[in-house]
Amino acid sequence: MEGLQPHPDLKGLTISGFEGSRLPSWMVAKDHLMVLLRNLVHLRLKALGKCERVPPLGDLPCLESLWIYSLDNVKRIGAEFYGLDINARSSTCSSSSSREVKAVTLFPKLSRFELWGMGSLEEWSDAMVPSDSSSSIKVFPNLRYLTIYELPKLVVLPDMENLTSLVELSIRRCGSLACIRNLNSLTSLESLSLEECPALLHASLDMKNPQSLSELIISGCDELNPSLSNNLEKFTSLQQLRIRSRDPSCWAKGLHHLANLCELELGGFSDDLDHFPWSHSITNLVSLERLRLRGWPKITSLPDQIQHLSTLTFLDIRQFEGLEVVPEWMGSLRNLRELWIYFCSNLRQLPSAEAIRALTNLNQLRIFWCPLLAERCTKGSGAEWPKIAHISEVVII
């Protein structure tokens, strides 16, 4: 690949499946990099299984989006990634008698960064200035979207304190990650998703600007439950909330303060419970339109309080394996347009025909992987089919 030097006006570049242990010199030597890739806007590196280092990209003046996928041999992302050569920079702007402090901006235009499937990555460190340097560093001043996915060995992330432009942060399936430094300093954050990070303990949800957050997803991060319980009521601008946790108490407190909440998903609670834990405050969510519930085998009924959610237009119930009959009160959800029922293996009966006819706005019914009910809803011959034949879209798998 050494001879495949790109045109200096190139805007987008994807390198996928390269099997060498080192990238070509025009990607790692800074003098070449700044000539050949100076106009690069989008860069995607994928499935470079033998490469041990990421290229030095911090000085690229036009780079706006960066995707790094499946570089399985990279164990550390550090100074080489930022392209740091602080002393060299300082010497060009300093006199022998005094050293004026110069600001260095790295990744000046980068707005989206995605880091996926790095099986060996253990550390993504901060950009550090040597103690004898006269420069200060500003990194990612315009970063808005950051996704970190499936890095099972990752234990170190950069400090979040200076990512003041970040509006969306998603960290998922990082099983060794225990700390996100200064998460609560992300004052522009609108969407926060932390999923399947069971070791994550030190990540304060006591946000400095809690009103900026409109979407919050906490799933499989049970060590964060105390922080979530203590701070949920502060997120008064939340429109979407998804919580999966073994401890139901982490969401019950403060939920009634979320007057703007229009979408809610709950589930993943302890299999030892024989009922679905339900906070009476949910019935006070006057803006709630979409509700998703995830059950488990011991549960034999849906929470009765759902019938009071008169604003619901969408209801999705899954994995209520002990449920045999959809309750009659379902007919009170007069604004319901979509009803999805998934993975309810013992479910065999819908509400009465009268209750279903009361759902005058219902135009979509999905029944997926509910074998007993699916058989009884067979078009034309099933015992339940006459109840649903009038619905405009019925999908059964």
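Thresholds, definitions, all that
- Residues numbered from 1 in each chain as written.
- Predicted model: local features only at pLDDT ≥ 70, side-chain atom pairs only at ≥ 80, totals over all residues.
- Heavy atoms only, no water.
- Helix = DSSP H or I, 4+ residues; strand = E, 2+ residues; numbered from the N terminus.
- Buried < 20%, exposed > 50% of the residue type's maximum accessible area, 1.4 Å probe, protein only.
- Contact = heavy atoms within 4.5 Å.
- Areas by Shrake-Rupley, 256 points an atom, 1.4 Å probe, with all protein chains shown as cover.
- Lys, Arg positive; Asp, Glu negative; His and termini not counted.
- Charge placed at Lys NZ, Arg CZ, Asp CG, Glu CD.
- Phe/Tyr/Trp six-rings, centres within 6.5 Å; stacked < 30°, edge-to-face > 60°.
- Lys NZ or Arg CZ within 6 Å of the ring centre and 35° of its normal.
- Disulfide = S-S within 2.5 Å.
- 1 Å grid on protein atoms, 1.4 Å probe; cavity = no way out; pocket = protein on both sides within 12 Å on 5 of 7 lines; lining within 4 Å.
- Points joined across faces, edges and corners; volume = space filled by probe spheres on them.
- Nonpolar A, V, L, I, M, F, W, Y, C, P; charged D, E, K, R; others polar.
- pLDDT = per-residue confidence, 0-100.
- Core = buried A, V, L, I, M, F, W, Y, C linked by side-chain atoms within 4.5 Å.
- Polar contact = N/O pair within 3.5 Å; in protein donor to acceptor, adjacent residues only side chain to side chain.

## Side note on the overall build of the chain
In step 1: Scanning the chain for helices and strands turns up 9 helices and 19 strands.
In step 2: Sorting the 397 residues of the chain into buried and exposed places 48% on the buried side.
In step 3: Expressed as a percentage of contacts within the chain between residues at least 6 apart in sequence, the contacts between residues at least 24 apart total 60%.
In step 4: Surface exposure of the chain reaches about 17800 Å², of which carbon and sulfur atoms provide 47%.
In step 5: Distance from the positive charge centre (40 side chains) to the negative charge centre (45 side chains) of the chain: 4 Å.

## Overview of the packing of aromatic side chains
In step 1: Applying the stated criterion to the full structure yields 23 aromatic pairs.
In step 2: When the ring of Phe-276 is compared with that of Trp-278, the centres are 6.3 Å apart and the planes differ by 55 degrees; the resulting orientation is tilted. Here Phe-276 and Trp-278 have matching classes, each one buried.
In step 3: Their ring planes at 10 degrees and their centres at 5.1 Å tell us that Phe-343 and Trp-369 sit as a pair that is stacked. On the criterion of sequence distance, the pair formed by Phe-343 in the loop between β17 (338–342) and α7 (353–357) and Trp-369 in the loop between β18 (364–368) and α8 (371–376) is long-range, its members being 26 residues apart.
In step 4: Looking at Trp-369, the relative accessible area reads 44%, which means it is partly exposed.
In step 5: When the ring centre of Tyr-145 is taken as reference, the NZ or CZ atom of Arg-112 above it lies at 4.4 Å.
In step 6: The residue whose ring lies beneath Arg-318 is Tyr-342, and the NZ or CZ to ring-centre distance is 3.9 Å.

## Considerations on unusual backbone geometry
In step 1: In the Ramachandran plot, Ala-47 falls in the positive-phi region, its phi being about 55 degrees despite a non-glycine side chain.
In step 2: Looking at where Ala-47 falls in the secondary structure, it is placed in the loop between β2 (42–46) and β3 (65–69).
In step 3: The backbone phi angle of Trp-369 is positive, close to 55 degrees, even though this residue is not glycine.

## Some points on the state of the cysteines
In step 1: Per the stated rule, a full pass over the model turns up 0 disulfides.
In step 2: Lacking any disulfide linkage, Cys-370 is separated from the closest cysteine sulfur, that of Cys-344, by 4.7 Å.

## Structural notes on the layout of surface pockets
In step 1: Volume-wise, the largest pocket comes out at about 330 Å³.
In step 2: Lining the largest pocket are 17 residues, with Asp-126, Val-139, Asp-159, Asn-162 and Leu-163 sitting closest to its centre.
In step 3: Considering every element that reaches the lining of the largest pocket, the biggest residue donor is strand β8 (residues 135–139), with 3 residues.
In step 4: Class assignment of the residues belonging to the lining of the largest pocket gives a composition of 12 nonpolar, 1 polar and 4 charged.
In step 5: Taken as a whole, the second largest pocket encloses approximately 280 Å³ of empty space.
In step 6: Taken together, 13 residues form the lining of the second largest pocket, with Arg-22, Leu-23, Val-28, Arg-53 and Val-54 sitting closest to its centre.

## Structural notes on the confidence of the model for the chain
Interpreting fine coordinate detail is not advised for predicted regions of low pLDDT.
In step 1: Summarising the model, the chain shows a mean pLDDT of 91, and 94% of its residues fall at 70 or more.
In step 2: Taken together, the stretch residues 86–98 has pLDDT below 50 and engages in 20 contacts with residues farther than four places along the chain or on a different chain.

## A short note on empty space enclosed by the protein
To find the voids left in a structure, one rolls a probe of water-molecule size over its atoms.
In step 1: Scanning the model with the defined rule gives 1 cavity of 30 Å³ or more in all.
In step 2: Empty space within the largest cavity amounts to approximately 70 Å³.
In step 3: Residue lining of the largest cavity: Val-326, Met-330, Leu-339, Leu-350, Pro-351, Ile-356, Leu-359, Leu-362, Leu-365, Ile-388 and Ile-391, and that is the complete set.
In step 4: Among the residues forming the lining of the largest cavity, the class breakdown is 11 nonpolar, no polar and no charged.

## Overview of the nonpolar core
A general tendency of soluble globular proteins is for nonpolar side chains to be buried together.
In step 1: With 118 residues, the main nonpolar core has Phe-81, Phe-107 and Trp-124 as its most contacted residues.
In step 2: Among all residues touching Phe-81, those that are not within four sequence positions of it are Val-54, Pro-55, Pro-56, Leu-57, Gly-58, Leu-66, Ile-68, Phe-107, Phe-113, Trp-124 and Phe-140.

## Some thoughts on the environment of His-390
In step 1: Considering the arrangement of structural elements, one finds His-390 in the loop between α9 (385–388) and β19 (393–396).
In step 2: Taking the C-alpha atoms as reference points, His-390 and Leu-362, separated by 28 residues in sequence, lie 9.7 Å from one another.
In step 3: Here Lys-387 takes part through its backbone oxygen, which lies 3.4 Å from a polar atom of the side chain of His-390.

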